[in-house]
Amino acid sequence: MPTKVIMPQLGESVVEGTVTKWLKKEGESIAEFEPLLEVNTDKVDTEIPSPAGGTVLKLLVSEGKTVTAGTILAWLGKPGEEVPTGESTPETHIHATTPTATQEMSSTRAPTTAQPATRDLGFISPVVAKIAHEHNVDLQLVSGSGQGGRITKKDVLAFVESNPAGTSEADIPIWETPADGDLFRPTEMMFQKTTDRTGAQSTGEAPAISAMPSTGDKLIPHTSIRRSIAEHMIKSKNISAHVTTVMEVDLSKVVTHRNANKDSFSRDGVNLTYTAYFISAIVSALKAYPQVNSSWSDEGLVLHSAINIGMATSLADAGLIVPVIKAADGLSLLGLARAVNDLAQRARDRKLSPDEVKGGTFTLTNHGISGSLFATPIINQPQCGILGVGLVQKRAVVINDAIAIRPMVYISLTFDHRILDGASADWFLAKVVDALQNWAG
Amino acid sequence: MPEMTLIDAIRAGMDEELALDPNVFIVGEDVGMRGGVFRATMGLFDKYGPQRVMDSPLAEASIVGVGIGAALYGLRPICEIQFADFIHPAFNQIINEAAKMCYRSNGDWTVPMVIRAPYGGGIGGGLYHSQSLEAFFTHTPGLKVVVPSNPRDAKGLLKSAVRDPNPVLFFEPKKGYRLIKGEVPEGEYTVPIGKAAMSREGSDVSVFAYGMMHYYTLQAAEKLANEGINVEVVDLRTLYPVDRESILASVRKTGKALVVYEDNLTGGYGAEIAAIIAEQAFTDLDAPVRRLAGPDIPAVPFSHPLQDWFMLNPEKIATAIRDLANY
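Residues numbered from 1 in each chain as written. Chains lettered and ligands numbered in written order. Predicted model: local features only at pLDDT ≥ 70, side-chain atom pairs only at ≥ 80, totals over all residues.

Observations concerning the overall build of chain B
- Along chain B, the regular secondary structure elements total twelve helices and 14 strands.
- Looking at chain B as a whole, 54% of its 327 residues qualify as buried. (Helix = DSSP H or I, 4+ residues; strand = E, 2+ residues; numbered from the N terminus. Buried ≥ 20, exposed ≤ 12 C-beta atoms within 10 Å, placed from the backbone.)

Rendered as structure tokens:
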């Protein structure tokens, strides 16, 4: 009996391989484990050893061709032996090292299994697919009365009627079924098969399907701001190499300064918030490390002359907006605090002009407001970084070998690893820490 | 309820509207003394006089143009095009003037006009007396297109058309003028424009048709019922604006759709119905959406054997339905 040579799965999540070179021609003899062909995948290049000794009967895949793992590449056997035809590749399985044992196993196992042999279901109409999905029906178990044995809507409805609880076949584990149990098949295909057979929605591969509302679910249409946020977030994740680094700041001096000055600020009509301090610290760090105040472009790194700080402002359920404090480096703490008050208020009142949410070169987000200690914010494109401020908490810290109670906060910098490396990002963040920790007013 | 032929019901509808509203008048070739080439206006000239039932020159652009002008002055013209095949000279008046008036004047001016046009083949009329022309006009927002398939609907839809503030093109299946008979309610009633009717309830296949083809489809469905095939028939009645909800509700029930129309297959009106179903009921389909229509040749031939080859009939429709039911 001839032996198959199949395209192995050369690594996790490698689903296909390219035949780069056949080392034997048809009709040549080959020993077991002797190299038969060279295969290239996106992860590895390797030689495939012959699974058996004998003669190369037929090479099915020509050089340069890319095929999915599990595809039959060649047949080996005795000279002049007939090559089987019409065998469907996904059902083949062979172990490269113990070919004869595998063959015996598959031939003895097939008749004992509870699973009926899979048949070609032919065309499955959209409505039949939908009903089968909704009722967890294994269409292999439904007999077809349509043209050429096609399963019609009536057939599947009649089946659902007579099998209200679904099928017991769904409980058979994947490794118990001969057609699906091939360990050489790509994991993607195995999981795909699981979904098909049980109707489970567990792969997460097709959100459009898994998100399909079922009875009792409610569909809330997206607002345009929600859509826009979603689009920006995904786009940013696709554009930048996001890395987040976190440092801790002792805010004692900032708190002291704020307590000493907030009354005089308030006489000027300004609510002195911590946000103003953070922006001020960011501005001084950006001045020290101008490559953080930048944007990546294909031509080169664009260093921005202006320092425009965006401040992410929550609109509660309605979403998020990022008004921008233009030329923040020209403002005193009073000026920053006033700008923060003004922009935040008008953001909540939805009274910002389009210009006021554009042109940012760096962004601050205060996730501590909702109790978060540290986070990994997403970069506001086309900026280089975003700084997240956590919840200010009194914590026990060790200072000069004594335990002290200090107002502490974690600050998280998400930066574009295309522009900055870990060390340069940390220098910038350390500068922010330094400015806050040693606040001089 | 009295039984009437299709043409008697149409005449009764015009008679009632002429009596109800002094602004209503009829204009067309030979509609006066002669009572129209199909006798649709027979007796109305004697009853309402030459000012209300007006003969026109052999000039369709002028018939429709006069109608538009009169309508802008507040009258309610019913223009008769002797055969739909002759409507082409009036195409510009209908498309560029009547259909756009309301939109272009921002609603200040409308054209409350009805254009009646007998259409369709199977009457030995040859190339210039057999055409189905709805597809040219169902592409035009601003123009309503109505095709009745039975006397009750014909009268009720015609009365709605006369009262509609915007132009309505009213295609009448001329082969059915005296062939199609049916009960017509006594007294005042109208049938709304824009609503299809499920004329036969079924579960196996949905067939969408209008006019003469609807009449044939009902016969085919009757025949197939004896074979155990349960056909649902939807009479579209108004082609533009079309009643999508009724179409989709039927397809969602049966999972199979056949659209039947007499016009040439390619670019015919049924293509739009097929597209609506494919777009909006895809996951409810159990078979491809199919069209049964006339062949793509320039016209209905004059030769009788060739005319029979061109025209659909209940047998051809039954074969197509049977095929789809067995899919």
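Here the narrative resumes, following the displayed structure.
Some words on the overall build of chain A
- If you tally the helices and strands in chain A, you get ten helices and 19 strands.
- Relative to its full complement of 441 residues, chain A shows a buried share of 28%.
- Partitioning the contacts of chain A with sequence separation of at least 6, the portion at a separation of at least 24 is 62%. (Contact = placed C-beta atoms within 7 Å.)

Structural notes on helix α8 (residues 211-225) of chain B
- When the terminal C-alpha atoms of α8(B) are compared, their 22 Å separation across 15 residues agrees well with the 21 Å that a helix rising 1.5 Å per residue should span.
- Among the structural elements, β7 (168-173), β9 (197-200), β10 (205-209), β11 (231-235), β13 (257-264) and α12 (314-325) of chain B are those in contact with the buried residues of α8(B). (Expected span 1.5 Å × (residues − 1).)

Let's talk about the sheet that holds strand β5 (residues 45-49) of chain A
Residue and element names in this part refer to chain A.
- The sheet built from four strands is open, its strands ordered β5-β4-β2-β7 with antiparallel pairing. Strand pairing shows two members of the sheet lacking a second neighbour, β5 and β7 (66-68), which therefore form its edges. Ignoring which end each strand starts from, the neighbouring axes of this sheet average 40° apart.
- Pairing analysis gives five bridges linking strand β4 (residues 35-40) to β5, with the strands arranged antiparallel. Pairing of Pro-35 across the sheet is with Pro-49, part of β5. (Pairing = 2+ DSSP bridges. Axes fitted to C-alpha atoms, helices over the stretch in contact; angles between N-to-C directions.)

Looking at the nonpolar core
- With 115 residues, the main nonpolar core has B:Ile115, B:Phe170, B:Leu258, B:Val260 and B:Ile321 as its most contacted residues.
- In terms of residues, this core owes the most to one element, α8(B), which gives eight residues.
- Counting 49 residues, the second largest nonpolar core, distinct from the first, contains A:Ile411, A:Leu420, A:Ala425 and A:Leu429. (Core = buried A, V, L, I, M, F, W, Y, C linked by C-beta atoms within 7 Å.)

Side note on the confidence of the model for chain B
- Averaged over all residues, the pLDDT of chain B is 97; the fraction at 70 or higher stands at 100%.
- For this predicted complex, the interface confidence score (ipTM) comes to 0.77, while the overall pTM stands at 0.53. (pLDDT = per-residue confidence, 0-100.)

As for unusual backbone geometry
- Omega for the bond connecting A:Gln381 with A:Pro382 falls within 30 degrees of zero, at 5°, which places this linkage in the cis form.
- Here A:Pro382 is to be found in the loop between β16 (362-366) and β17 (385-389).
- The omega torsion of the bond from B:Tyr240 to B:Pro241 falls at 0°, within 30 degrees of zero and hence cis.
- Summarising the element assignment, B:Pro241 is placed in the loop between β12 (238-240) and α9 (244-254).
- One non-glycine residue with positive phi stands out, namely A:Ala327, at about 45°.
- Following the sequence through the fold, A:Ala327 ends up in the loop between β15 (324-325) and α9 (333-348).

So, the pairing of β13(B)
All names here are of chain B.
- Burial analysis of β13 places seven of its eight residues in the buried class, which makes it a mostly covered element.
- With three bridges joining them, β10 and β13 adopt parallel strand pairing. Each bridged residue has a counterpart across the sheet, and for Ser-206 the counterpart in β13 is Ala-257.
- Running through helix α10 (residues 269-280), the crossover from β13 to the neighbouring parallel element strand β14 (residues 290-294) is right-handed. (Right-handed = clockwise from strand over helix to strand, strands pointing away.)

Remarks on the interface of chain B and chain A
- Contacts between the two partners involve nine residues from chain B and, on the opposite side, nine residues from chain A.
- A per-class count over the side of chain B that touches chain A returns four nonpolar, three polar and two charged. (Nonpolar A, V, L, I, M, F, W, Y, C, P; charged D, E, K, R; others polar.)

Here's the deal with helix α1 (residues 6-20) of chain B
Residues and elements named next belong to chain B.
- For α1, which comprises 15 residues, the first-to-last C-alpha distance of 21 Å matches the rise-based estimate of 21 Å (1.5 Å per residue) to within 8%.
- Among all positions of α1, only Leu-6, Ile-7, Asp-8, Ala-9, Ile-10, Arg-11, Gly-13, Met-14, Glu-17 and Leu-18 are buried.
- Considering only its buried residues, α1 is in contact with β1 (3-5), β2 (24-28), α2 (44-48), β4 (76-80), α7 (151-163) and β7.

Description of the environment of A:Met408
Residues and elements named next belong to chain A.
- Turning to its location among the elements, Met-408 is positioned in strand β19 (residues 402-416).
- In this structure the C-alpha to C-alpha distance between Met-408 and Ser-252, which are 156 residues apart in sequence, comes to 8.0 Å.
- When sequence neighbours within four positions are dropped, the list of residues in contact with Met-408 reads Glu-248, Val-249, Asp-250, Leu-251, Gln-393, Arg-395 and Val-397.

Looking at the packing of helix α2 (residues 126-134) of chain A against helix α3 (residues 153-162) of chain A
Residues and elements named next belong to chain A.
- Two elements in contact, α2 and α3, have axes whose closest approach is 9 Å; the angle formed by their N-to-C orientations is 15°. Of the possible angle classes, the one that applies to α2 and α3 is roughly parallel. Once α2 is placed against α3, the crossing between them reads as left-handed. Across the interface between the two elements, Val-127, Val-128, Ile-131 and Ala-132 from α2 touch Lys-153, Val-156, Leu-157 and Val-160 from α3.
- Here the residues of the contact of α2 with α3 sort into seven nonpolar, no polar and one charged. (Parallel < 35°, antiparallel > 145°, perpendicular 65-115°, else oblique. Left-handed = near helix turned anticlockwise from the far one by under 90°.)

Overview of the sheet that holds strand β6 (residues 54-59) of chain A
All names here are of chain A.
- Across the sheet, four strands lie side by side as β1-β8-β6-β3; this open sheet has antiparallel pairing. The open sheet is flanked by β1 (3-6) and β3 (29-30), the only strands paired with a single partner.
- Two strands pair when backbone bridges link them, and β6 and strand β8 (residues 72-77) are joined in this way by four bridges, in the antiparallel orientation. The partner of Lys-58 across the bridge, within β8, is Trp-75.

Brief notes about the packing of α1(B) against α7(B)
Residue and element names in this part refer to chain B.
- Between α1 and α7, the least distance of the axes is 8 Å, while the angle of their chain directions is 30°. As far as their axial angle goes, α7 and α1 are roughly parallel. Between α1 and α7 lies a crossing of right-handed hand. On α7, the residues touching Leu-6, Ala-9, Ile-10, Ala-12, Gly-13, Met-14, Glu-16 and Glu-17 of α1 are Pro-151, Ala-154, Lys-155, Leu-158, Lys-159 and Val-162.

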